[in-house]
Amino acid sequence: MEKTSTDAVTVDDVIGFEDVLSDDGTRIRAWTNDPGGVITGPTVVLCNGLGTSAWAWPALLEPDCGVRVVSWNHRGVGGSDRPRDSSRVSISDFVDDALSVMDRFGIDKAVLMGWSMGVNTMFELAVRHPERVTGLFAVCGVPGDTFATMLGPLHVPRWAARVALVNAARTTKLVGKALSPFTTRLPIGPLAISVVSHSGFMLPVADPELAARAVKEFFSTPVEWYSHMALATSHHARVSLSGIDVPAFFVAGAYDLLTGTRHMETAASKMTDATFVELRATHFAQMEQPDAVHRLLREFLEQVAG
């Protein structure tokens, strides 16, 4: 396993990385918070936000978190290779990556946890392979058609939000090569996080140093590649929830500009066994209120086990 370190936490002790081949031959960088195999708690497969890393989940990096997490970095992000066919960055491809990672770690079935666009991935996986899923824990994300739910607190109509965000992604993809030399070198530290966390887009976080690490890792991905992935995922339609019969839990942020709370609540209401909770948070609920999100996750895992 590859080991690195950071000022915020020691990755040698907390995170282990391993390369996994997906079905189309793309090399995926998988990771776990249990490289030593010492966590005795339940296993959760994390479908992370698009282009994000383990550093966005401070509670999962605590030695006594009691949850074994297995996840991976998206194609072309954080040590994962870009696919030979650049079009292979859809939600369906991410589902294939998730299954390959589960197989590599010997996970027959598990609770899936998703954040942001990762919620699309976990619901799609649950529909296609219900035998691999025992529960669904969604954080600030909806089961499909994500771009139409953005700007929810501003009461922008779904069609208008989708058009605006898709066009924004197309524009950033076109100018990405000019922007990437600057974004990949941004001086991101606790001070920058403090400024962002008072902008309304993000609230103050529990661990500014770890949040700075997460944001810096995010901006290490070239803008044009991230925009390319975002455009591919924008085609993922809403998932039919009628055929999903495992328990689900939705954690929403009251001030989330990227996933409207009401859209998450509507999705929860369409399921036979789903719980909806709203926190005083933005799209980054697990960074702003890590203990609250982790407590809800542990309670949900107990419910599923029971």
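Before reading on, note that the structure itself is shown above.
What counts and what doesn't
Residues numbered from 1 in each chain as written. Predicted model: local features only at pLDDT ≥ 70, side-chain atom pairs only at ≥ 80, totals over all residues. Heavy atoms only, no water. Helix = DSSP H or I, 4+ residues; strand = E, 2+ residues; numbered from the N terminus. Expected span 1.5 Å × (residues − 1). Buried < 20%, exposed > 50% of the residue type's maximum accessible area, 1.4 Å probe, protein only. 1 Å grid on protein atoms, 1.4 Å probe; cavity = no way out; pocket = protein on both sides within 12 Å on 5 of 7 lines; lining within 4 Å. Points joined across faces, edges and corners; volume = space filled by probe spheres on them. Core = buried A, V, L, I, M, F, W, Y, C linked by side-chain atoms within 4.5 Å. Contact = heavy atoms within 4.5 Å. Salt bridge = Lys/Arg side-chain N within 4 Å of Asp/Glu carboxyl O. Pairing = 2+ DSSP bridges. Phe/Tyr/Trp six-rings, centres within 6.5 Å; stacked < 30°, edge-to-face > 60°.

S.K.: Kindly report on helix α7 (residues 208–219), identifying the contributing residues and their values.
M.R.: Under the 1.5 Å per step criterion, the end-to-end length of α7 is 16 Å for 12 residues, consistent within 8% with the ideal 16 Å. Taken together, the buried positions of α7 are occupied by L210, A211, A212 and A214.

S.K.: Lay out empty space enclosed by the protein with the relevant residues and their values.
M.R.: Summed over the entire model, instances satisfying the criterion amount to three cavities of 30 Å³ or more. Of the voids in this model, the largest cavity is the one considered here, and its volume is about 60 Å³. Per element, the largest residue contribution to the lining of the largest cavity is four residues, and it comes from helix α11 (residues 290–305).

S.K.: Just give me the short version of the nonpolar core, but keep the residues and values in it.
M.R.: Counting residues in each nonpolar core, the largest one holds 46 residues, and the members touching the most others are W72, M122, F123, L136, I244 and F250. By residue number, the principal contributor to this core is helix α2 (residues 91–104), which donates seven residues. What I244 contacts, discounting residues up to four positions off in sequence, is F123, A126, V127, L136, M271 and T272.

S.K.: Requested: an account of the pattern of salt bridges, with residues and values cited.
M.R.: Taken as a whole and judged by the stated rule, the model has 11 salt bridges. One salt bridge connects D103 with R132, and the closest N-O pair in it is separated by 2.8 Å. With D103 in helix α2 and R132 in the loop between α3 (117–128) and β6 (133–139), this residue pair connects regions lying 29 residues apart in the sequence. Two residues, R295 and E299, come together in a salt bridge whose shortest N-O distance is 3.4 Å. Taken together, the residues span about one helical turn, with R295 and E299 both in helix α11 at a distance of four residues. Where salt bridges share partners, they join D19, R27, R29 and D81 into one cluster.

S.K.: So what's going on with the pairing of strand β5 (residues 110–115)? Which residues, and what values?
M.R.: With six of six residues buried, β5 is to be regarded as a mostly interior element. Note that strand β3 (residues 43–47) and β5 share four bridges and pair parallel. Within β5, the residue paired with V45 across the bridge is L112. Where β5 meets β6, six bridges bridge the pair, whose relative direction is parallel. When the sheet's bridge partners are listed, M113 is paired in β6 with F137.

S.K.: Pulling in residues and values, what's your account of the packing of aromatic side chains?
M.R.: A complete count under the given rule lists nine aromatic pairs for this structure. Their ring planes at 90° and their centres at 6.2 Å tell us that W57 and W115 sit as a pair that is edge-to-face. Note that W57 is positioned in the loop between β3 and β4 (68–72) and W115 in strand β5, a separation of 58 residues in sequence. The exposure classification of W57 matches that of W115, with both residues buried. Ring geometry for F249 and F300: centres 6.0 Å apart, planes at 65°, overall edge-to-face. Of the two residues, F249 sits in strand β7 (residues 248–253) while F300 sits in helix α11, which places them 51 residues apart along the sequence. This pair shows no difference in class: F249 is buried, exactly as F300 is. By the ring-pair criterion, three or more aromatic residues cluster together here, those being W57, W115, F201 and F284.

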